[in-house]
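Geometric and topological summary
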Amino acid sequence: MNLRSILLPISWRGPRDLGERLLQLVAGLFLYGVALALMIRGGIGVAPWDVLSLGISARTGLGYGLVTNLTAVVVLLLWIPLRQRLGLGTVLNALLIGPSADLTLWLVPAAPSLWAGVPLFLFGLVLLAFATGLYISADFGPGPRDGLMTGLVQRTGWRVWIVRTLIEGSVLVIGFLLGGPVGVGTLLFAFGVGPLIGWFLPRLTRFREARTRELATR
C-alpha cells in the first residue's frame, strides 16, 4: 500500500488559494478546541465525545487535551478496516484540537455560577458549529470522528442518523460509566449542534468557493 492509496489528494487553484485554505483549516481547528474548552468551563455538561475524554482523564490522570488526541488516534486506527483515506485536515484535526483546548482550559476559569455557565456553554456551542464549518469548508478531508461515521455508513448501508446515533450513544454510555460529566449541556449539544452546523457550513462553503473562483481569475 502506497501513500497515494492512503492520503486524499490536495487540489488548489494557485498558491494564494492554498495558503488561504490552510489558514482557514488551522483557524477552524484552533477555534474548535477553544469551543470545547468553553463548554467544559460552562459546567452544565459536555458533548458525548468529551464525556468520554473527561471520564478517561479522570480515571488515568492524563490531561484532557492529551486524551482527546489519543482518542483521535484510536479512532483513526478504526479507519483501517473501513478503508478510509486520510486528508491533511484529518491529521491536523487529531493533532491541534487537544492542545488548543488545553490552552483555553488553562486561560479560562470555571464558571462561578449557573448564570455564567449557561451563556459560556452556549457561546462555546455556537463557536464549535462555526469552527466546524470553517475547517470542513477548507476541503482538506474529514476529521477522525466524521470519517468513522461516513466509513461505517458506506460499509453497512445504514442511514447516517442511525450510525451517528449509535456512535454518539455508545461513546456517551462509556464516558458516563467512567465518570464523565453528563448534564443539560449534553442534551443541548445533542439537539443543537446539528442545526447550527447546518446553518454555518453551507454559508462558509459558498464563501470559500466564491473566494477560490475569485483568486483563480487573478
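Residues numbered from 1 in each chain as written. Predicted model: local features only at pLDDT ≥ 70, side-chain atom pairs only at ≥ 80, totals over all residues. Heavy atoms only, no water.

Some words on unusual backbone geometry
If you check the backbone angles, Asp 139 has positive phi at about 65 degrees while not being a glycine. Its location among the elements puts Asp 139 in the loop between α6 (114-137) and α7 (144-156). (Helix = DSSP H or I, 4+ residues; strand = E, 2+ residues; numbered from the N terminus.)

Quick notes on the layout of surface pockets
Roughly 440 Å³ of volume is contained in the largest pocket. Residue lining of the largest pocket: 25 residues in total, with Tyr 32, Arg 145, Asp 146, Arg 164 and Phe 189 positioned closest to the centre. At the level of elements, α2 (15-42), α3 (48-60), α5 (88-107), α6, α7, α8 (160-177) and α9 (184-216) are the ones that each hand at least two residues to the lining of the largest pocket. When residues in the lining of the largest pocket are grouped by element, the largest group, five residues, is from α9. A breakdown of the residues in the lining of the largest pocket according to their chemical character gives 14 nonpolar, six polar and five charged. (1 Å grid on protein atoms, 1.4 Å probe; cavity = no way out; pocket = protein on both sides within 12 Å on 5 of 7 lines; lining within 4 Å. Points joined across faces, edges and corners; volume = space filled by probe spheres on them. Nonpolar A, V, L, I, M, F, W, Y, C, P; charged D, E, K, R; others polar.)

Some details on a nonpolar patch on the surface
Together, Phe 30, Leu 103, Trp 106 and Leu 107 make up an exposed nonpolar region whose accessible area comes to about 490 Å². Within the secondary structure, Phe 30 sits in helix α2. (Patch = residues over 30% accessible without salt bridge, like charges linked within 9 Å, V, L, I, M, F, W, Y side chains within 5 Å. Areas by Shrake-Rupley, 256 points an atom, 1.4 Å probe, with all protein chains shown as cover. Salt bridge = Lys/Arg side-chain N within 4 Å of Asp/Glu carboxyl O.)

Considering the side chain of Thr 104
As for its placement among the helices and strands, Thr 104 is situated in helix α5. A polar atom in the side chain of Thr 104 sits 2.9 Å from the backbone oxygen of Ser 100. Leave out the neighbours within four places in its chain, and Thr 104 touches Val 34, Ala 37 and Leu 38. (Polar contact = N/O pair within 3.5 Å; in protein donor to acceptor, adjacent residues only side chain to side chain. Contact = heavy atoms within 4.5 Å.)

Considering the packing of aromatic side chains
Considering all chains together, one arrives at three aromatic pairs under this definition. Aromatic pair Phe 130 and Phe 200: ring centres 5.6 Å apart, planes at 75 degrees, arrangement edge-to-face. Of this pair, Phe 130 sits in helix α6 while Phe 200 sits in helix α9, and the two are 70 residues apart along the sequence. With a relative accessible area of 27%, Phe 130 lands in the partly exposed category. The exposure class assigned to Phe 200 is buried, which follows from its relative accessible area of 15%. Ring centres of Trp 199 and Phe 200 lie 5.1 Å apart, and the angle between their planes is 90 degrees; on these two criteria the pair is classed as edge-to-face. Here a set of aromatic residues connected by ring pairs shows up, and it is made of Phe 130, Trp 199 and Phe 200. (Phe/Tyr/Trp six-rings, centres within 6.5 Å; stacked < 30°, edge-to-face > 60°. Buried < 20%, exposed > 50% of the residue type's maximum accessible area, 1.4 Å probe, protein only.)

Quick word on the nonpolar core
If you look at the biggest cluster of nonpolar residues, it comprises 31 residues, and the most contacted ones within it are Leu 25, Tyr 32, Leu 36, Met 39, Tyr 64, Leu 128 and Phe 189. Elements that contribute at least two residues to this core include exactly α2, α3, α5, α6 and α9. Looking at which element gives the most residues to this core, the answer is α2, with ten residues. With near-sequence residues (within four places) excluded, Leu 25 lies in contact with Leu 88, Gly 89, Leu 92, Tyr 135, Ala 138 and Phe 140. Core analysis: the next-biggest nonpolar cluster, separate from the first, contains 14 residues, Trp 49, Leu 76, Val 153 and Ile 167 among them. (Core = buried A, V, L, I, M, F, W, Y, C linked by side-chain atoms within 4.5 Å.)

What about the packing of helix α4 (residues 64-82) against α7?
Between α4 and α7, the least distance of the axes is 9 Å, while the angle of their chain directions is 25 degrees. The orientation of α4 relative to α7 falls into the category roughly parallel. Classified by chirality, the crossing of α7 by α4 is left-handed. Here Thr 68, Thr 71, Ala 72, Val 75, Leu 76, Leu 78, Trp 79, Pro 81 and Leu 82 of α4 come into contact with α7, specifically with Pro 144, Arg 145, Gly 147, Leu 148, Gly 151, Leu 152 and Arg 155. Here the contact of α4 with α7 is built from residues that sort into ten nonpolar, four polar and two charged. (Axes fitted to C-alpha atoms, helices over the stretch in contact; angles between N-to-C directions. Parallel < 35°, antiparallel > 145°, perpendicular 65-115°, else oblique. Left-handed = near helix turned anticlockwise from the far one by under 90°.)

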